Amino acid sequence: MPAHEKINYVEYPTRDLPATKAFFQAAFGWRFTDYGPEYAAFSDEGLDGGFFSAEMSARSDNGSALIVFYSARLEDTLDKVKAAGGEIVKAIFSFPGGRRFHFVEPGGNEFAVWSEPDGK
């Protein structure tokens, strides 16, 4: 049951809904429920949400919020993202809490993946 007044769902635009779905299926094993030709929902991925067809995309350099995934094996996740067609826009870098990289999926949205400093 959703928690009262807590973040429950996120929606993202995508310039190419079929390509976005294919990317997340290949890179992360996500499953989607289609609600018509212009909306696909996902669940059980840490936060439920969906993608809707739009001419825009979500990029942090345009002021969008950035969704950050966690990975226990950052380099392996980077390889999966690239193999699925993601574009690495910030290579792995260190920050005070660990390491991370940023990628753009085929629909144009930016995401990031982080791990602990030693990769555990």
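Within any chain, residue numbers begin from 1 and follow the written order of that chain's sequence. It should be noted that, the model being predicted, local features are given only for residues of pLDDT at least 70 and side-chain atom pairs only at 80 or more, the latter also being counted only at that level, while totals for whole chains, interfaces and linings use all residues. Side-chain numbers here rest on the full set of heavy atoms in the structure, without hydrogens or water.

> What's the story with the packing of helix H1 (residues 17–28) against helix H2 (residues 74–83) in this structure? I'm lost.
Helix-helix packing is characterised by the crossing angle of the two axes and by the distance between the axes. Lines fitted to C-alpha atoms define the axes, with helix axes restricted to the stretch in contact, and inter-axis angles between N-to-C directions lie between 0 and 180 degrees. Helix numbering and strand numbering both begin at the N terminus, where a helix is a DSSP run of H or I of at least 4 residues and a strand a DSSP run of E of at least 2. Interhelical geometry of H1 versus H2 gives an angle of 145° and a closest axis separation of 8 Å. Regarding H1 and H2, the two cross each other, and that crossing is right-handed. Residue-level inspection shows Phe23, Ala27 and Phe28 of H1 in contact with H2, the latter providing Thr77, Lys80 and Val81. All residues other than Ala, Val, Leu, Ile, Met, Phe, Trp, Tyr, Cys, Pro, Asp, Glu, Lys and Arg, Gly among them, are scored as polar; the first ten of these are nonpolar and the last four charged. Split by residue class, the contact of H1 with H2 holds four nonpolar, one polar and one charged. For any helix crossing, the convention is left-handed if the near helix is rotated counterclockwise from the far helix by under a right angle, and right-handed if that rotation is clockwise. The contact rule is simple, with two residues in contact once any of their heavy atoms fall within 4.5 Å.

> Looking at this structure, I do not really get the environment of lysine 90. What am I missing?
Note that lysine 90 resides in strand E6 (residues 87–95). Along the chain, lysine 90 and aspartate 48 lie 42 residues apart, while their C-alpha atoms are 26 Å from each other.

> Even after reading the chapter, I still don't get the sheet that holds strand E4 (residues 48–53), so can you show me in this structure?
Hydrogen bonds along the backbone pair up the strands of a sheet, which may run parallel or antiparallel. Note on pairing: two strands pair once DSSP finds at least 2 bridges between them. Strand order in the open sheet made by the four strands is E1-E4-E3-E2, with mixed pairing throughout. If you trace the sheet from one side to the other, it starts and ends with strand E1 (9–14) and strand E2 (33–34), each paired once. Across two bridges, the pairing between E2 and strand E3 (residues 39–42) is antiparallel. If you follow threonine 33 over to E3, its bridge partner there is alanine 41. Its contacts with the sheet place H1 against E1, E2, E3 and E4, and it is angled at close to 145° to E4.

> Just checking my understanding: could you explain the packing of aromatic side chains for this structure?
Geometry of an aromatic ring pair is reported as the spacing of the ring centres plus the angle between the planes. Any two of the Phe, Tyr and Trp rings considered here, Trp counted by its six-membered ring, make a pair once their centres fall within 6.5 Å; the pair's planes then place it as stacked at under 30 degrees, edge-to-face at over 60, or tilted in between. Scanning the entire structure with this criterion turns up 25 aromatic pairs. Taking 5.4 Å as the distance between ring centres and 80° as the angle between the ring planes, the aromatic pair formed by phenylalanine 24 and phenylalanine 111 counts as edge-to-face. Here phenylalanine 111 lies in strand E8 (residues 110–115) and phenylalanine 24 lies in helix H1, a separation of 87 residues in the sequence. The class for phenylalanine 24 is buried, based on a relative accessible area of 0%. Look at phenylalanine 101 and phenylalanine 103: their rings are 6.2 Å apart centre to centre, the planes differ by 40°, and that puts the pair in the tilted class. Residues phenylalanine 101 and phenylalanine 103 agree in their burial class; the two are buried. The rings of Tyr12, Phe23, Phe24, Phe28, Trp30, Phe32, Phe42, Phe51, Phe69, Phe101, Phe103 and Phe111 are connected pair by pair, giving a single aromatic cluster. Buried, partly exposed and exposed residues are distinguished by accessible area as a fraction of the type maximum, computed with a 1.4 Å probe on protein chains only: under 20%, between the cut-offs, and over 50%, respectively.

> Could you clarify how one ought to interpret the side chain of serine 71 in this entry?
By secondary structure assignment, the location of serine 71 is in the loop between strand E5 (67–70) and H2. Under the relative-accessibility criterion, serine 71 is labelled buried at 6%. Polar contact is the term for a pair of N or O atoms within 3.5 Å; when the atoms are in protein, one must be able to donate a hydrogen and the other to accept it, and sequence-neighboring residues count only if both atoms are side-chain atoms. One polar contact links the side chain of serine 71 to the main-chain carbonyl oxygen of arginine 73, over a distance of 3.0 Å. The contact partners of serine 71, leaving out residues within four places of it in the chain, are Thr77, Val113, Trp114 and Ser115.

> Is there a simple way to explain the nonpolar core in this structure?
Buried together is how nonpolar side chains tend to be arranged in soluble globular proteins. The term nonpolar core refers to a set of buried residues drawn from Ala, Val, Leu, Ile, Met, Phe, Trp, Tyr and Cys, joined through side-chain atoms within 4.5 Å. Judged by nonpolar contacts, the single largest core of 21 residues is most densely connected at Phe24, Phe51 and Phe103. For this core, the element with the most residues is H1, which contributes four residues. With residues near it in sequence (within four places) discarded, phenylalanine 103 still touches Phe23, Phe28, Phe69, Val81, Glu87, Ile88, Val89, Asn109, Glu110, Phe111, Ala112 and Val113.

So yeah, pure geometry; function would need other evidence.
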